[in-house]
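Residue strings, one per chain:
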Amino acid sequence: MFSQPIFIKILAKLTVSTPFSSAYRLAVLVPCRNEALTIAQVVTDFRQQLPNAAIYVYDNCSTDDTATVAHQAGAIVRYEKQPGKGNVIRRMFADIEADIYILVDGDNTYEAGAVGRLVDRLINEQLDMVVGARRSEFKDKEAYRFGHRSGNQFLKGIVELQFGARLDDMLSGYRIFSRRFVKCFPAISNGFEIETELTIHTLELRLPFAEEPVLYQSRPSGSESKLNTISDGFRVLGTSFLLMKETRPFLFFGVFFALFSGAAIALMVPVLWTYLETGQVPRFPTVIIAASLMSLGFVFFTCGLILDSVARGRRELKRMAYLRIPRVEIKEI
């Protein structure tokens with residue numbers, strides 16, 4: 001097993017793209033808000049790695065010169081007035097036509113040199129999504145902070161419990177998509193919870209995806225993150241539970257059934273024991289409460305059964321929409 005410094009050096013060398021990349025319409029999508037300090041470097045780095053790609057910078061209510069700097073760097077600049085990363089990505093996916101989409105943040109924290117490796121893996125393995133799983137150097141402790149890493153692990157565990165999939169970095173903002181994925185993705189989230197929605201959409205439809213390690217570095221001095229660990233963490237957690245209700249309703253409502261029925265049984269056992277010993281029921285309020293809780297439990301159970309059938313029908317419709325989009329074939333050079 002390699003130590004992390006050796007692993008980082010190996011990653012840095014695996015940045016040479018193969019000829020596959022130039023045979024496709026590539027679009028680099030960069031959602032931005034107040035990234036004037038970093039956006040020029042991001043555009044320049046990805047232009048160097050993918051000279052044939054169209055680089056789109058979507059300015060999301062910036063109050064600095066992000067749009068001007070991006071335009072001067074050679075990017076195609078567009079605007080989205082609804083604040084939130086999810087709103088920007090929804091607009092990007094709807095408006096831009098390409099064979100392969102590269103989504104990356106405009107804060108210059110992700111490794112541009114890895115993009116050829118990620119794109120080639122998407123093409124060669126016929127995947128629909130490749131996630132750039134973040135790896136930071138030991139000396140750069142501010143890049144992937146403990147709070148963000150711990151929150152990522154917690155949320156990842158919840159999603160793994162729901163879908164039974166092994167994940168490494170669920171919240172990475174560096175992803176490569178096929179056209180099939182982009183044009184069948186509903187994109188209902190508004191903010192940073194969009195990464196959770198992207199992951200759950202992939203797991204729900206069982207789309208082929210992979211995670212590839214990439215370097216992750218801290219922001220340059222003077223650049224501030226828009227991510228709030230606490231508030232955005234709760235939003236992501238809420239989104240994961242909401243999507244669980246939509247995609248796994250029997251599991252979601254089954255939890256409530258188990259809680260209510262368990263409480264009803266716990267209340268009823270002593271009463272039943274007394275009845276078997278004495279033939280009397282001395283605590284009628286307890287019996288009424290237990291019966292009410294059990295009734296509520298079966299209401300949740302019934303809701304779960306019905307909505308599970310509805311969710312299955314929606315999943316089939318999503319799958320059919322996905323299959324209507326032709327697969328991009330491997331193009332030999």
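Residues numbered from 1 in each chain as written. Predicted model: local features only at pLDDT ≥ 70, side-chain atom pairs only at ≥ 80, totals over all residues. Heavy atoms only, no water.

J.: Can you help me understand the overall build of the chain in this one?
T.: Summing up its helical and strand segments, the chain has eleven helices and seven strands in all. Split into buried and exposed, the 333 residues of the chain put 45% on the buried side. By sequence separation, contacts in the chain at least 24 residues apart represent 78% of the contacts at least 6 residues apart. Accessible area of the chain: about 16,900 Å², with a carbon and sulfur share of 61%. (Helix = DSSP H or I, 4+ residues; strand = E, 2+ residues; numbered from the N terminus. Buried < 20%, exposed > 50% of the residue type's maximum accessible area, 1.4 Å probe, protein only. Contact = heavy atoms within 4.5 Å. Areas by Shrake-Rupley, 256 points an atom, 1.4 Å probe, with all protein chains shown as cover.)

J.: Just to check I follow, could you spell out the pattern of salt bridges for this structure?
T.: A side chain of one charge can pair with a side chain of the opposite charge when the charged atoms of the two come close. Per the counting criterion, the structure on display carries 17 salt bridges. Across the salt bridge formed by Glu97 and Arg179, the nearest N and O atoms sit 2.6 Å from each other. In this pair, Glu97 is assigned in the loop between helix H4 (85-95) and strand S4 (100-103) and Arg179 in helix H7 (residues 179-184), connecting sequence segments 82 residues apart. The partly exposed category is assigned to Arg179, whose relative accessible area is 21%. For Lys245, the salt bridge goes to Glu246, with nearest N and O atoms at 2.8 Å. A relative accessible area of 28% means that Glu246 is categorised as partly exposed. (Salt bridge = Lys/Arg side-chain N within 4 Å of Asp/Glu carboxyl O.)

J.: Just checking my understanding: could you explain the pairing of S4 for this structure?
T.: Along any regular strand the residues' side chains alternate between the sheet's two faces. Side-chain alternation along S4 places Ile100 and Ile102 on one buried face and Tyr101 and Leu103 on a second face that is also buried. The pairing of strand S1 (residues 26-32) with S4 spans four bridges and is parallel. The partner of Leu29 across the bridge, within S4, is Leu103. Bridge count for S4 against strand S6 (residues 175-178) is four bridges, and the pairing is antiparallel. (Pairing = 2+ DSSP bridges.)

J.: How should I be thinking about the nonpolar core in this particular structure?
T.: As a rule of thumb, nonpolar side chains are buried together in soluble globular proteins. Formed by 34 residues in total, the largest nonpolar core has its most connected members in Phe46, Ile102, Tyr174 and Ile176. For this core, the secondary structure elements donating two or more residues are S1, helix H2 (39-49), strand S2 (54-59), helix H3 (66-72), S4, helix H5 (115-124) and strand S7 (209-215). Among the elements that make up this core, the one with the highest residue count is H5 (five residues). Among the nonpolar cores identified, the runner-up in size contains 26 residues, and Phe93, Ile96, Val131 and Ile325 belong to it. (Core = buried A, V, L, I, M, F, W, Y, C linked by side-chain atoms within 4.5 Å.)

J.: Looking at this structure, I do not really get helix H11 (residues 284-324). What am I missing?
T.: For an α-helix, 3.6 residues make a turn, and residues three or four places apart therefore share a direction. Taking 1.5 Å of rise per residue, the 41 residues of H11 would be expected to cover 60 Å, and the 60 Å separating its terminal C-alpha atoms lies within 8% of that figure. Taken residue by residue, H11 has Ala290, Leu293, Gly297, Gly304, Ala311 and Tyr322 as its buried positions. (Expected span 1.5 Å × (residues − 1).)

J.: Just checking my understanding: could you explain the sheet that holds S4 for this structure?
T.: Across the sheet, seven strands lie side by side as S3-S2-S1-S4-S6-S5-S7; this open sheet has mixed pairing. Among the strands making up the open sheet, the edge pair consists of strand S3 (76-79) and S7. Taking the axes of each pair of neighbouring strands and ignoring which way they run, one obtains an average angle of 20 degrees across the sheet. Where H4 meets the sheet, it contacts S1, S2, S3, S4 and S6, and its direction lies at approximately 155 degrees from that of S1. Relative to S7, H5 is tilted by about 170 degrees, and along the sheet it contacts S1, S4, strand S5 (129-135), S6 and S7. (Axes fitted to C-alpha atoms, helices over the stretch in contact; angles between N-to-C directions.)

J.: Got a minute to help me understand the packing of aromatic side chains in this structure?
T.: A ring pair, where both rings are aromatic, is described by two values, the distance of the centres and the angle of the planes. All told, the structure shown has 17 aromatic pairs when counted by the stated rule. Taken together through their ring pairs, the aromatic side chains of Phe93, Tyr101, Phe177, Phe181 and Phe185 make up a single cluster. The ring of Tyr216 has Arg134 lying over it, and the distance from NZ or CZ to the ring centre is 5.3 Å. Its end group placed over the ring of Tyr322, Arg180 keeps NZ or CZ at 4.7 Å from the ring centre. (Phe/Tyr/Trp six-rings, centres within 6.5 Å; stacked < 30°, edge-to-face > 60°. Lys NZ or Arg CZ within 6 Å of the ring centre and 35° of its normal.)

J.: I tried to follow the environment of Cys184 on my own but got confused; where do I start?
T.: Considering the arrangement of structural elements, one finds Cys184 in helix H7. Judged by its relative accessible area of 12%, Cys184 is buried. When near neighbours in sequence (up to four residues on either side) are disregarded, Cys184 contacts His201, Ala321, Tyr322 and Ile325.

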